[in-house]
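Structural characterization, general
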Amino acid sequence: MRATPFRLPRFKRFGSRLLVLIAGLVALAQVANYALVFRANRRNAIERIRANLDKGALLFTHRVNARLEDLSSRAALMSGDYAIRQLFLAEQIDAATVSSALETYRVRIGLPFMALLSADGSRLGDSGGGLAAAALAPFRGLVARAAESEEPQARGYARLPPDGPDGRLYALQVVPVYAPKPEIVAWICMALPIDNRFAGELKADAQLEVTFLYGSAGEMRPVESTLPSERLALEPARLEPGGSTVRLGAESFVTSVQPLPLVTPGRAAIALQRSLEAELEPSRLLERFLLILLLVSLGVAAMVAPWFARNLSRPLRALADHTGVIARGDYDTRLAIDRADEIGQLAASFNRMSEGLAERDRVRDLLDKNVSPEVAAQLMRDGGALGGEEREISVLFVDLRNFTRMSEPLAPKEVLAILNRYFDRMSTIVEVYHGIVDKYMGDAIMALFGAPVALPNHADCAILAAIEMKSALERFNAELATDGRGRLAFGIGINTAKVIAGNIGSSRRLNFSVIGDGVNVAARLQDLTRMSQYRADILVSAATLAAARGRYSVRPLGAAPVRGRDEPVEIFAVDGAGAPAAP
Amino acid sequence: MKLLLAIALLAAGAAAADAAGTVTVVTRDPAGKPVADAVAYLTPLGAPARVEPPAEPVAIVQRDQEFMPYVTAVVVGTRVAFPNEDTVRHHVYSVSPAKRFEIPLYIGDSKEAIVFDKEGIVTLGCNIHDWMVAYVVVLATPYFAKTGADGGAEVRLLPAGRYRLDVWHPRAGTVTREVAVADASDTTQIISVILRPDRRIRRAPDAGGPGYK
């Protein structure tokens, strides 16, 4: 394993690595899942709350407006009251009477304060009380605004009295007194308190905490709230218009602060809040479920991974063990892994390898000769040739004459070297002429032409090979001479006959060879080359010449007796290729 | 001799009549449409004109629960009666500074005519019928006329001289300009009047209306 910047634990066993990988991936996926769901829940909850807070703000505005509409209807009824007209018919409008009438009317419609202003804004009367002094100025402002507007009416929020700690939030409204419409002779001014009852109703309807904020100069502070006082005390010192999340003790409250524009000095706002934890309550169940799922899947992964690893590592170990078996030379034992996957394919390859090795061994055993791969392949193909076959072939024996004598003065190493060089040259020629070397016997070579690979012109090949060998020997002698060694001489005997060809030997050691009378004859012919009267290095039988198609320079030497045979054999000396020389 | 005197008087009268001028006032709104119920009056610059209220009272009738006419122009001191031709009672009132009065619920002829003794605009209403509204324009000059549907008003018998011409409409402010009248002249003044939206209560039978308008 490569070294990493972090100190990762190193696992030797494949099973451990797989366990860590699978368990790690499962854990990663589940944790990511849990985290995403957790985050999504939270985000959705906040968005939902924000939407509700916006609705809550709208609801507040609608409620205030609805209440004011209701009051304006009642004021309209009252302004048409005959008694009011009577007040206006007097030359001088009696302020005291007006004020006392307004006291009656304000009780009738449930307001803490009402006033009557003339068309030009001067005070005609009011219901008195603490609000009287502070309220007239904002009412005059509203009258001016109403006179300009399409529907002569105006409303706005005010804090009365504007200064001091006793100020409370009111919604003010002015409606005209007609005599008759469209002539406005006076304005009825009403003050609707926006108090805890208002906030409480809003909280009950919208499931939100409602807090009214006020600030005379810069920052705004809570003045009325549906929150219990200990919670309220935790509110931040300043709350500005907009959305935010505020921490009150253990809970987070998603907050929306909407400004309430005042017609009196100062700033006011309404803060709507909802607990995030309360909103998230239903999704807690899902999150708990996901946590359980995470742990269960981790457990399952921890159980499945080792089983899977074992499923992989056991056959791999078997494969590893099998290589030892092969190394020992046992090519016959096969792996018994029967699987369709890559492991199975690997096991099959192992078995094929064993087969291949066994085959090669067999080929070696069978031939025990340096045959070319093509010949070997051909032999493997027609296995019948190895089993035992009668065939007409040409057998060639070549024996060195004076090797022992020549090699006497030489060191053993050099003797072997020269001999092997000689063998090398001669065997190459045999192979060139499509024959094979059957065996080396001392300093003699026995070669076969026509077996195990069939050769139609085996006789010609044998003869040509012999002629070539003679030239090769001359060249070899030239080399030996430059080294200061003696000359070599040999004799070659060739016979063509039907023989039995096949693997000869025991089961442990087999040799491809031939047996038959024709073999002895070839050996005997080679022996006859010693007879000086023949003056021949190459002696062939009549059968060979008969089988040969080429023309050679031959000398008939009559019949010669062959040991082990009753009839003598006709022999010929081969001097070279081509037509015989003119006698 | 009597005949000669009569002819002389007639001639003098004719001559005098020819000496008076006429001012025709034509009112138009910004879109070019004629404006009805506008009161055009000319106040002489210099010596004030003599005002003589008519002997008979002017009537503003209540018919089909509406005041007729919508706009009435009178001189100071005119008596106005309010005959009720409806089968229901009406309670006529005004709280305008120029005349504050009320005639409690009555039917048929009003008990007495009301004397409009101060210059100014008086808005009339009915206490129990919110949609009923009318105007009385009390003037200190006898030279006045009300525009008809064609937007035109003719003020006749104007002695020569210079006048201030005012045109008033319930839904507009007063438009003022100076006018010179020569003997036997007949001039036309085209006055552009910008009207505010009509905010009178509609009597259409829409029961589901929001009520107070």
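As a reminder, the structure under discussion sits directly above these lines.
I will try to describe carefully the structure that is included in this document. Remember, predicted model here, so these are calculated numbers, not experimental data.

Moving on to the overall build of chain A. Across its full length, chain A holds 15 helices and 18 strands. In chain A, 61% of the contacts between residues at least 6 apart in sequence involve partners at least 24 apart. Taken as a whole, chain A presents about 30,400 Å² of accessible surface, with 56% of it coming from carbon and sulfur.

Attention now goes to the overall build of chain B. Along chain B, the regular secondary structure elements total one helix and 17 strands. Per-residue burial over chain B gives 40% buried out of 213 residues. Considering only contacts within chain B whose residues lie at least 6 apart along the sequence, 62% involve residues at least 24 apart. Within the structure as shown, chain B displays about 11,200 Å² of accessible surface, and the carbon and sulfur contribution to it stands at 57%.

Between chain B and chain A, the contact holds 20 residues from the first and 20 residues from the second. In this assembly, chain B packs against chain A so that about 1,800 Å² is buried in total across both faces, 54% of it on carbon and sulfur atoms. At the surface where chain B touches chain A, the tally comes to one salt bridge. With its nearest N and O atoms 3.4 Å apart, the salt bridge here joins Glu91 of chain A to Arg100 of chain B. Across the chain B-chain A interface, the total number found is six residue pairs in polar contact (both at pLDDT 80 or more).

Residues and elements named next belong to chain A. Taken N-terminus to C-terminus, the directions of helix α1 (residues 14-79) and helix α5 (residues 196-206) make an angle of 130 degrees; their axes are 11 Å apart at the nearest point. Between α1 and α5, the angle is such that the two are oblique. The chirality of how α1 crosses α5 is right-handed. Within the contact between the two elements, α1 uses Gly56, Leu59, Phe60, Arg63, Val64 and Arg67 and α5 uses Arg197, Phe198, Glu201, Leu202, Asp205 and Ala206. Looking at the contact of α1 with α5 residue by residue, the classes come out as six nonpolar, one polar and five charged.

Parameters and conventions
- All residue numbers here refer to positions counted from 1 along the written sequence of the relevant chain.
- Each chain is given a letter, starting from A, and each ligand a number, starting from 1, according to the order in which they appear as written.
- In keeping with the predicted nature of the model, local features appear solely for residues at pLDDT of at least 70, side-chain atom pairs appear and are counted solely at 80 or more, and the whole-chain, interface and lining totals rest on all residues.
- To obtain the side-chain values, all non-hydrogen atoms of the structure were included, while hydrogens and water were left out.
- For helices the rule is a DSSP run of H or I covering at least 4 residues; for strands it is a run of E covering at least 2, with both sets numbered from the N terminus onward.
- Any two residues whose heavy atoms approach within 4.5 Å at even a single point are treated as in contact.
- A 1.4 Å probe and the Shrake-Rupley method give the accessible areas. Residues count as covered only by the protein chains that appear here.
- Burial status follows relative accessibility: with a 1.4 Å probe on protein chains alone, a residue under 20% of its type maximum counts as buried, one over 50% as exposed, and anything between as partly exposed.
- The buried area of a pairing is the accessible area, by a 1.4 Å probe, that goes missing from both parts when the two are put together, added over both.
- By salt bridge we mean one thing: a side-chain nitrogen of Lys or Arg within 4 Å of a carboxyl oxygen of Asp or Glu.
- Whenever two N or O atoms come within 3.5 Å, that pair is a polar contact, provided that in protein one can donate a hydrogen and the other can accept it, and provided that, for residues adjacent in sequence, both atoms are side-chain atoms.
- Working convention: axes come from line fits to C-alpha atoms, limited for helices to the stretch in contact. Angles between N-to-C directions cover 0 to 180 degrees.
- Angle categories are assigned with fixed cut-offs, so that under 35 degrees is roughly parallel, over 145 is roughly antiparallel, 65 to 115 is roughly perpendicular, and the rest are oblique.
- By the definition used in this description, the sense in which the near helix is turned from the far one sets the handedness, with an anticlockwise turn below a right angle giving left-handed and a clockwise turn giving right-handed.
- When residue character is reported, Ala, Val, Leu, Ile, Met, Phe, Trp, Tyr, Cys and Pro are called nonpolar, Asp, Glu, Lys and Arg charged, and the others, Gly included, polar.

Keep in mind these numbers describe shape, not what the thing actually does.
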